[in-house]
Amino acid sequence: MKLFGLIGCPVHHSLSPLMHNDAFQSLRIDAHYHAFHVEPHLLKEAVQGLKALQCAGFNVTIPHKTAVMAYMDELDETAKQMGAVNTVVNENGKWIGYNTDGEGFVRALCEQMNIDLSGARILLVGAGGAARGIYFTLLKHRVSAVDVCNRTAGKAETFIAKQTSSVYSLEEAEERLGEYDIIINTTSVGMYPNVDAMPISLQTLKKGTIVSDIIYNPLMTKWLQEAKERGARVQNGVGMFVYQGALAFEKWTGIFPDTKRMEKVVIQQLG
Ligand code: ATR
């Protein structure tokens, strides 16, 4: 039996074991996925230990996504660009670090909302690790603009490409919502237990805009609810979670799993 896993701190709430083990079972793959709680000061030992145990691959979550890069034998270009690793593959005894978060978000957006990104004008709310991954992946598509707004001025400037992007304050972005086809919340604002918080106000939102939130707990944030009431097409963070996992699963097994089944498993647990 092959061993796969997740390292993070904390990990007890993670839905990844359930989602991956269900996929292994349904595809009759002899493998098991386990969530390992790893304290930051023991990260190096944990990564070395997993190699000694011939672990076939693992996911990485908060707070280890950047620190784990130091213990990889090789890093994929996307992981380097994002400055973070969420998926590690054991390739003949070498740890290769990848990042499927940005691609996971974009695949979920296009497939679940049935859209093509060419020519789209997109606004990202937030400029942290999640925003960065999504930003670089969006730029690979033929989008017309990806603008970024953030609470802390200056943070977005560290990664944006000036020819395709503008940076705004949250207040400036709130005035401009009508200019965008797609608006994405990449911050944790509105996540359980602070369910009443909203990342930006939606007063200028126009009907038909696609509004996506990477949060999946709660399944419908207050922000998404308001967007829906204002006539937007909305998407929650389950899609990104499922697709980043499906892309990791594909790297480990060569098989792209049934994302609808994965989504069902996750929603059943959250619902
Ligand atoms: P992650 O890696 O998950 O994206 P992060 O790097 O800590 O996490 O980034 C979190 C993002 O949420 C940032 O854009 C942060 O804004 P700042 O750069 O100003 O810190 C944003 N964020 C978090 N809490 C916020 C709040 N209460 N109001 C507005 N923005 C917030």
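Parameters and conventions
- Chains are numbered independently. Their residues run from 1 in the order of the written sequence.
- Totals for whole chains, interfaces and linings use every residue, but because this is a predicted model, local features are given only for residues with pLDDT of at least 70 and side-chain atom pairs only at 80 or more, for both listing and counting.
- Residue ranges for the domains originate in an automatic or database domain assignment.
- Once C-beta atoms have been placed from the backbone, residue pairs whose C-beta atoms lie within 7 Å are recorded as contacts.
- Labels follow the DSSP assignment, with helices taken as runs of H or I lasting at least four residues and strands as runs of E lasting at least two, numbered in each case from the N terminus.
- UniProt positions are given in the numbering used here, feature names are shortened, and annotations may be inferred rather than shown by experiment.
- In this scheme every C-beta is placed from the backbone, and a residue whose C-beta has 20 or more other C-beta atoms within 10 Å is buried, one with 12 or fewer is exposed, and one in between is partly exposed.
- Strands pair, by our definition, only if DSSP identifies at least two bridges between them.
- By convention, orient the strands away from the viewer: a clockwise path from the first strand over the helix to the second makes the crossover right-handed.
- A set of buried residues drawn from Ala, Val, Leu, Ile, Met, Phe, Trp, Tyr and Cys, joined through C-beta atoms within 7 Å, is what defines a nonpolar core.
- To decide nearness, the C-beta atom of each residue is placed from the backbone, and the residue is near a molecule or strand if that atom lies within 6 Å of it.
- Put simply, Ala, Val, Leu, Ile, Met, Phe, Trp, Tyr, Cys and Pro go in the nonpolar bin, Asp, Glu, Lys and Arg in the charged bin, and everything else, Gly too, in the polar bin.
- Only the stretch in contact is used when fitting a helix axis, every axis being a line fitted to C-alpha atoms; angles between N-to-C directions are given from 0 to 180 degrees.

Enquirer: Is there a simple way to explain the domain arrangement of the protein in this structure?
Expert: Where interface size is quoted, it is often the accessible area lost as the parts come together. Each assigned domain of the protein is listed here: domain 1 (2–99 + 239–270) and domain 2 (102–236). Centre-to-centre separation of domain 1 and domain 2, based on C-alpha positions: 25 Å. Facing the 13 residues of domain 1 at the interface are 16 residues of domain 2. With seven residues, the top contributor of residues to the side of domain 1 that touches domain 2 is helix α8 (residues 238–253).

Enquirer: Is there a simple way to think about the UniProt feature "binding site: shikimate" (unreviewed entry) in the protein in this case?
Expert: Mapped onto this numbering, the UniProt entry annotates "binding site: shikimate" (unreviewed entry) at S14, L15, S16, T61, N86, D101, Y216 and Q244. Once residues lying within four places of it in the same chain are set aside, the contact partners of S14 are L6, G8 and A35. Once residues lying within four places of it in the same chain are set aside, the contact partners of Q244 are N86, T100, D101 and G104.

Enquirer: What is the right way to read the pairing of strand β7 (residues 121–125) from this model?
Expert: Side-chain direction in a regular strand flips from residue to residue, so the side chains alternate between the two faces of the sheet. With respect to burial, β7 is a largely interior element, four of its five residues being buried. Alignment of β7 against strand β8 (residues 145–149), held across five bridges, turns out to be parallel. Directly across from I122, in β8, lies its bridge partner V146. The handedness of the β7 to β8 crossover, carried by helix α5 (residues 129–139), is right-handed. Bridge count for β7 against strand β10 (residues 182–185) is four bridges, and the pairing is parallel.

Enquirer: Is there a simple way to think about the nonpolar core in this case?
Expert: Soluble globular proteins: nonpolar side chains tend toward being buried together. Ranked by internal contacts, the top residues of the largest apolar core, which has 68 residues, are I122, L123, L124, I134, I183 and V242. For this core, the element with the most residues is α8, which contributes ten residues. Looking at which domains feed residues into this core, each of domain 1 (2–99 + 239–270) and domain 2 (102–236) supplies at least three. With near-sequence residues (within four places) excluded, I134 lies in contact with G102, F105, L124, I184 and T186.

Enquirer: Looking at this structure, I do not really get the site of the ligand. What am I missing?
Expert: Surrounding the ligand, one finds 14 residues, the nearest of these being G128, G129, R151, T152 and T187. Its residues assigned to classes, the shell around the ligand comprises four nonpolar, eight polar and two charged.

Enquirer: In this structure, what is going on with the sheet that holds strand β3 (residues 57–60)? I would like to understand it.
Expert: The strands that make up a sheet pair up through hydrogen bonds in the backbone, lying either parallel or antiparallel. In spatial order, the strands read β2-β1-β3-β5-β6-β4; together these six strands make up an open sheet with mixed pairing. Each edge of the open sheet is held by one strand with a lone partner, namely β2 (31–37) and β4 (74–75). Of the strands in this sheet, β1 (2–8), β2 and β3 are in contact with helix α1 (residues 16–26), which crosses β2 at around 170°.

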